[in-house]
Amino acid sequence: MSREGLLRKKRNNGLRCGNWWKKRSSRNTPLQGVLVDGEGRILYFHGDTGRYLTPPRGEAVFNLVRMARSELGGELETLLEQVRKRKNRVARKGARVFLDHRLLLVDLAARRVPGGAGEFYLITFQEQEAEILPIGDEESDSRVAALQRELYSTRQDLQATIEELETINEELQSTNEELQANNEELQSTNEEMETSREELQSTNEKLETVNSELQRKNEEMARANDDIHNLFAASDICTVILDSRLRLQRFTPAATRLFRFMERDLGRPITDISSVLNYDELTRDLDGVLKTLERCKREVRSKEGQWFEVRIQPYRTAKNVIAGVVMSLAEITHSKEMEAEAQERKILVESILETMREPLLVLEEDLTVREANQAFYDFFQVKKKSTEKIKVYDLGGRQWDIPSLRSLLEDVVPKNTEIRDYRVEAEFPGLGVKTMLVNARRIDRGEEKRKLILLSFGQTLQSTE
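Peer 1: I tried to follow the nonpolar core on my own but got confused; where do I start?
Peer 2: A general trend in soluble globular proteins is that nonpolar side chains are found buried together. Ranked by internal contacts, the top residues of the largest apolar core, which has 27 residues, are Leu361, Val392, Trp400, Leu455 and Phe457. Sorting the residues of this core by element identifies strand 12 (360–363), strand 13 (369–372), helix 7 (374–380), helix 8 (403–415), strand 14 (419–428), strand 15 (432–443) and strand 16 (452–464) as the ones contributing at least two each. Excluding its chain neighbours within four sequence positions, the residues that come into contact with Leu455 are Pro359, Leu360, Leu361, Leu363, Val392, Leu409, Val438, Asn439 and Ala440. Within the second largest apolar cluster, 26 residues are counted, among which are Leu248, Ile273, Tyr279 and Met327.

Right, here's the structure in full:
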């Protein structure tokens, strides 16, 4: 709504209030007065107010204070301010007005009246006719007028000072409230900072604990690395560690004798590095271990004729995760040579046993038949499956279950005794009674292997059909 519309609305409200005031004043002594709004703008005049209000010079206004005579301006402004704050009736008796060389005493009153929207105030003027005082001369009138103007100016200054002081007090109160709020915020911030400091201290203590633990673990890892390094350096076994993509991770110094390893080869695939082994199945075996997680064992030969036993197994981490493979190679050339030599000796012994015409038995320490020569099978007319792995005194019809012979045979191994031409007479199925000379002696095969007994049967002294 425009400013003119608002003023029009207020005037209409003022007219309604003025009608109410006419009805009220008709029942009492006639009063002179005006109806003003909350800003002191005059909305309605009642009676002859020209003795108290005069049009100001310049711009036409209807402001109560500006239209009041100089003697009444300050009184009316104070009165209007009081009625705004108290919102009830306020009066001022004996206000002085100089008019036509007379001093008039006027009673002023202000009260709030209903007027619809907004606030409206009724300002009344009532002269005290009985107390009209004459003024002496023009000089006195002029002096009084000057004093009244000075008083009005002082009141104006005082009112302005009061308003300024109230404004300053409000600003100070607002500033104080802001300072109090800031103080509370600072206190809250200080508490938060204290809490944060305690949390930070707790975190620092935890970090110190973690750092100590990490330092201890680092020392343990360094010591473990030193142990591994020294173990690898002292080991004469070729050991190679590969990751899941068969790339070189670690190797012992002994491995450099079989593979052309160098420090810069770490991280390279094992297939890209040459070796002295005749081992075409290396890649297949490594992949097989990674897929099946089963160990692989193989004997391979080098290009120089040496033999090595290759063992491949999965590389497991502390969390049981397969991270690659471990390959170890141990030289077994001497073992292979001894094995070949032993095989040759075995063949030689077996050949000798087979060519001998006397029946022979080879017994274990517990007198179990280990093997027999062909002469034994032919002479006693028995089969191999009914002879080997059978106790000697259980052979055939238990013809050899002779207590004295058994006692002698049980002393051969522990006491290293020999049986020479021990005469045995027994009846054998299909052969009749035979008298034979038995010889026995211990066979040593080294300290780690079990000892054997060689049992031979000499010539027949008598034969009965």
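Peer 1: Sorry if this is basic, but what is going on with unusual backbone geometry here?
Peer 2: Among all residues save glycine, negative phi is the norm, and among peptide bonds the norm is trans. In the Ramachandran plot, Leu246 falls in the positive-phi region, its phi being about 60 degrees despite a non-glycine side chain. With respect to the helices and strands, the residue Leu246 is situated in the loop between strand 7 (238–243) and strand 8 (248–251). According to the relative accessible area criterion, Leu246 is buried, its value standing at 9%. Not every positive phi belongs to a glycine, and Asp421 is a case in point at roughly 45 degrees. Mapped onto the elements of the fold, Asp421 is located in strand 14.

Peer 1: Would you mind showing me how to read the sheet that holds strand 7 here?
Peer 2: Each strand in a sheet pairs with its neighbour through backbone hydrogen bonds, running either in the same direction (parallel) or in the opposite one (antiparallel). If you trace the five strands from one edge of the open sheet to the other, you get 8-7-11-10-9, paired in antiparallel fashion. Strands at the two margins of the open sheet, each flanked by one partner only, are strand 8 and strand 9 (296–301). For this sheet, the mean angle separating the axes of adjacent strands, direction not counted, is 20 degrees. Sheet analysis places strand 10 (residues 307–316) next to strand 11 (residues 322–331), joined by nine bridges and oriented antiparallel. Bridge pairing in strand 11 links Arg311 to Ser328. Sheet strands in contact with helix 5 (residues 282–292) are strand 7, strand 9, strand 10 and strand 11, and its direction is about 135 degrees off that of strand 11.

Peer 1: How should I be thinking about the packing of aromatic side chains in this particular structure?
Peer 2: The description of two aromatic rings rests on the distance between their centres and on the angle between their planes. Taken as a whole and assessed by the stated rule, the structure comprises six aromatic pairs. Both rings, one in Phe251 and one in Phe261, keep their centres 4.9 Å apart while their planes meet at 35 degrees; by these two values the pair is tilted. With a gap of ten residues between them, Phe251 in strand 8 and Phe261 in the loop between strand 8 and helix 5 connect regions that are remote in the sequence. In this structure Phe251 comes out as buried when scored by relative accessible area, which is 14%. Between the aromatic rings of Phe259 and Phe261, the centroid separation amounts to 5.1 Å while the plane-to-plane angle is 10 degrees, which identifies the pairing as stacked.

Peer 1: Would you mind going over helix 8 with me for this structure?
Peer 2: One full turn of an α-helix is made of 3.6 residues, so residues set three or four places apart face in the same direction. Between its terminal C-alpha atoms helix 8 stretches 18 Å, which fits the 18 Å expected from 13 residues at 1.5 Å a residue. Considered for burial, the residues of helix 8 that qualify are Leu405, Leu409, Val412 and Val413. Projection of helix 8 onto a plane perpendicular to its axis shows the buried side chains occupying an angular sector of 75 degrees, all on one side. For helix 8, the exposed residues set more than 90 degrees away from the buried face come down to Pro403, Pro414 and Lys415. Following helix 8 by one or two positions, Asn416 has its phi on the positive side, about 55 degrees.

Peer 1: Honestly, the confidence of the model for the protein chain in this entry has me stumped. Any pointers?
Peer 2: Fine structural detail should not be taken from predicted coordinates in areas where pLDDT scores are low. Residues at a pLDDT of 70 or more form 82% of the protein chain, whose mean pLDDT is 80. Here residues 461–465 scores under 50 on pLDDT; set against residues more than four positions off or in separate chains, the count is eleven contacts.

Peer 1: Just checking my understanding: could you explain the pattern of salt bridges for this structure?
Peer 2: Working definition: two side chains of opposite charge can pair if their charged atoms are close together. This model, assessed by the stated rule, comprises 20 salt bridges. With a closest N to O distance of 3.0 Å, Asp37 and Arg41 form a salt bridge. In this structure Arg41 comes out as partly exposed when scored by relative accessible area, which is 23%. Residue Lys217 is joined to Glu213 by a salt bridge in which the shortest nitrogen-to-oxygen separation is 3.9 Å. Placement of the pair is Lys217 and Glu213 together in helix 4 (residues 138–234), with a separation of four residues, close to one helical turn. Under the relative-accessibility criterion, Glu213 is labelled partly exposed at 34%. When salt bridges that share partners are traced, they join Glu213, Arg216, Lys217 and Glu220 into one network.

The rules behind the values
- Residues numbered from 1 in each chain as written.
- Predicted model: local features only at pLDDT ≥ 70, side-chain atom pairs only at ≥ 80, totals over all residues.
- Heavy atoms only, no water.
- Core = buried A, V, L, I, M, F, W, Y, C linked by side-chain atoms within 4.5 Å.
- Buried < 20%, exposed > 50% of the residue type's maximum accessible area, 1.4 Å probe, protein only.
- Helix = DSSP H or I, 4+ residues; strand = E, 2+ residues; numbered from the N terminus.
- Contact = heavy atoms within 4.5 Å.
- Pairing = 2+ DSSP bridges.
- Axes fitted to C-alpha atoms, helices over the stretch in contact; angles between N-to-C directions.
- Phe/Tyr/Trp six-rings, centres within 6.5 Å; stacked < 30°, edge-to-face > 60°.
- Expected span 1.5 Å × (residues − 1).
- Arc of directions from axis to C-beta.
- pLDDT = per-residue confidence, 0-100.
- Salt bridge = Lys/Arg side-chain N within 4 Å of Asp/Glu carboxyl O.

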